[in-house]
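Descriptive structure summary
Spelled out, the chains give:
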Amino acid sequence: MDFKKINAPSNTITHDMNSLCEKVGNIYEVVAIVAKRANQIDAEIKKELDEKLQEFSQQSDNIEEVFENREQIEISRYYEKLPKATLLATKEFEDGKIFYKNPLKEKLQ
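The shown structure was predicted, so the numbers you read here are calculated from the model rather than taken from an experiment.

**So, the packing of helix H2 (residues 27-54) against helix H4 (residues 85-94)**
Describing two packed helices takes the angle between their axes plus the distance from one axis to the other. Axis separation between H2 and H4 bottoms out at 8 Å; the angle between their running directions is 125 degrees. In terms of their interaxial angle, H2 and H4 are classed as oblique. As H2 runs across H4, the sense of the crossing is right-handed. Residues Val-30, Ile-33, Val-34, Arg-37, Ala-38, Ile-41, Asp-42 and Ile-45 of H2 pack against Ala-85, Thr-86, Leu-88, Ala-89, Thr-90, Glu-92 and Phe-93 of H4. In the contact of H2 with H4, the residues fall into 10 nonpolar, two polar and three charged.

In structure tokens form, the structure reads like this:
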């Protein structure tokens, strides 16, 4: 997933919860949906970061030897500057890019 394309703010902003609830009808469901998506995004970011940093890892027997690489530092800074996963998930929810369903509601119908 390309996180550069999501136009989410990098700092915390206040959201109108009533406008978020219009799509689902229940604020608790909205929070659950956004939280699950945020966990998925966070896992994707962590996996991607680990893969990129894996290139710089060296197998050594001495734990005290730590080599700093300029590219490794730049990669880490890039991921630190990304918006938090909750902000990305909230933006996706606002834009209607999250697919969700409630199996309990489907059983009742």
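Structure shown, so let's carry the discussion forward.
**Describing the packing of aromatic side chains**
Inspection of every chain in the model, using the stated rule, returns two aromatic pairs. Across from the ring centre of Phe-93, 5.2 Å away, lies the NZ or CZ of Lys-23, which sits over that ring.

**Some details on the environment of Thr-12**
With respect to the element layout, Thr-12 can be found in the segment before helix H1 (17-24). The class for Thr-12 is exposed, based on a relative accessible area of 72%.

Criteria and thresholds
- Residues numbered from 1 in each chain as written.
- Predicted model: local features only at pLDDT ≥ 70, side-chain atom pairs only at ≥ 80, totals over all residues.
- Heavy atoms only, no water.
- Axes fitted to C-alpha atoms, helices over the stretch in contact; angles between N-to-C directions.
- Helix = DSSP H or I, 4+ residues; strand = E, 2+ residues; numbered from the N terminus.
- Parallel < 35°, antiparallel > 145°, perpendicular 65-115°, else oblique.
- Left-handed = near helix turned anticlockwise from the far one by under 90°.
- Contact = heavy atoms within 4.5 Å.
- Nonpolar A, V, L, I, M, F, W, Y, C, P; charged D, E, K, R; others polar.
- Phe/Tyr/Trp six-rings, centres within 6.5 Å; stacked < 30°, edge-to-face > 60°.
- Lys NZ or Arg CZ within 6 Å of the ring centre and 35° of its normal.
- Buried < 20%, exposed > 50% of the residue type's maximum accessible area, 1.4 Å probe, protein only.

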